[in-house]
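Chain by chain, the residues run as shown.
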Amino acid sequence: MDYKILYPEAFPVVQVEMQKGESLQAESDAMIAMSPTIDVEGKTSGGIMGGLMRKMLTGESFFMQQLVASRGAGRVLIGHPLPGGIHAVELDGSHGLTVQKGGFLAASQGVDIDTKVQNLSKGLFSGEGFFVMNMRGRGTVFVSSYGMIHPIEVPAGEEVIIDNGHLVAWPDTMHYEIEKASSGGILSSLKSGEGLVCRFRGPGTVLIQTRNPDGFAGWIRSMFPSSGD
C-alpha cells in the first residue's frame, strides 16, 4: 500500500494506492472516492462488543469501513469532516499508539484496533474519558485533528506539559500524569483558563492539535443567547 497526503496545509485528504487483495480500515464516513475495483462494506472492529465499546465509550462510530481491492489494484481517497490536519504514524510492532476520541481516521491491514481502559485518575481528569483507542501491530495509522497536527519530540528523561484539549495521539509506552496547570491550587488553575494538564515523560513523540475543539464549541455556544435571556 502506498499513500500520499494531499493538500496538507488546508483540508487534507489521503490518496491510497492499493494492490489487489490489500485492505484499509477506516471510520464509517471516511471514503470520498474510490476505483471500481475496490469494495467497501461496514464492519465492527472486534465484533459486536468491540463496536459497542467504540461507540459508547470512545464516541467513535459503531461501524468501520473495510475497503478491499478485491478485483485488482485501485485508488481510494479518504478524509475527515473537521477543518484540520491528517498525520500518518508508522507502527513496526515494537509498541502501540494511543489515540484520543475522534482522532482515528484509518489504518492499513496488519493494525489491530482496540479500546483501552485508562486508570481512574487519568480517565476522570485527562479530558479523554476512561476509554481511548489503542492501535497495535505493523502498518500505517492515519490520525486526524481539529487544526493542524504538530509533533512534539520528548527526549528520554525530559518532560512536556500539554493542555488536555490539544492531545491527539502518543506512544502507549510513554508515561504521563495529570496535574493542575497552576501551582497555586485548583482555584488558580481555573482562573488561568487551563484547569488540568498532562505531563508526559520521554522518550516519545506526542501529536497535538493546534486548536481545541471544546474551546471552539464553547465559543459557538457563547454566540447564541441562552434560553433564560
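Residues numbered from 1 in each chain as written. Predicted model: local features only at pLDDT ≥ 70, side-chain atom pairs only at ≥ 80, totals over all residues. Heavy atoms only, no water.

1. Things to note about the pairing of strand β17 (residues 196–201)
In the case of a regular strand, side chains alternate between the two sheet surfaces.
Thinking step 1. The pairing of strand β14 (residues 159–163) with β17 spans five bridges and is antiparallel. Each bridged residue has a counterpart across the sheet, and for Ile161 the counterpart in β17 is Arg199.
Thinking step 2. Bridge analysis of strand β16 (residues 175–180) against β17 gives six bridges, and the strand direction is antiparallel. Counted as the bridge partner of Glu179 is Val197 from β17. (Pairing = 2+ DSSP bridges. Helix = DSSP H or I, 4+ residues; strand = E, 2+ residues; numbered from the N terminus.)

2. Regarding the packing of aromatic side chains
Thinking step 1. On inspection of all chains with the given rule, the structure shows four aromatic pairs.
Thinking step 2. Centre to centre, the rings of Tyr3 and Phe142 are 5.0 Å apart; their planes meet at 90 degrees, and the pair counts as edge-to-face. Note that Tyr3 is positioned in strand β1 (residues 2–6) and Phe142 in strand β12 (residues 131–144), a separation of 139 residues in sequence.
Thinking step 3. Look at Tyr3 and you get partly exposed, because its relative accessible area is 31%.
Thinking step 4. Considering the side-chain rings of Trp170 and Phe200, the 5.6 Å spacing of their centres and the 65 degrees angle between planes classify their relative orientation as edge-to-face. (Phe/Tyr/Trp six-rings, centres within 6.5 Å; stacked < 30°, edge-to-face > 60°. Buried < 20%, exposed > 50% of the residue type's maximum accessible area, 1.4 Å probe, protein only.)

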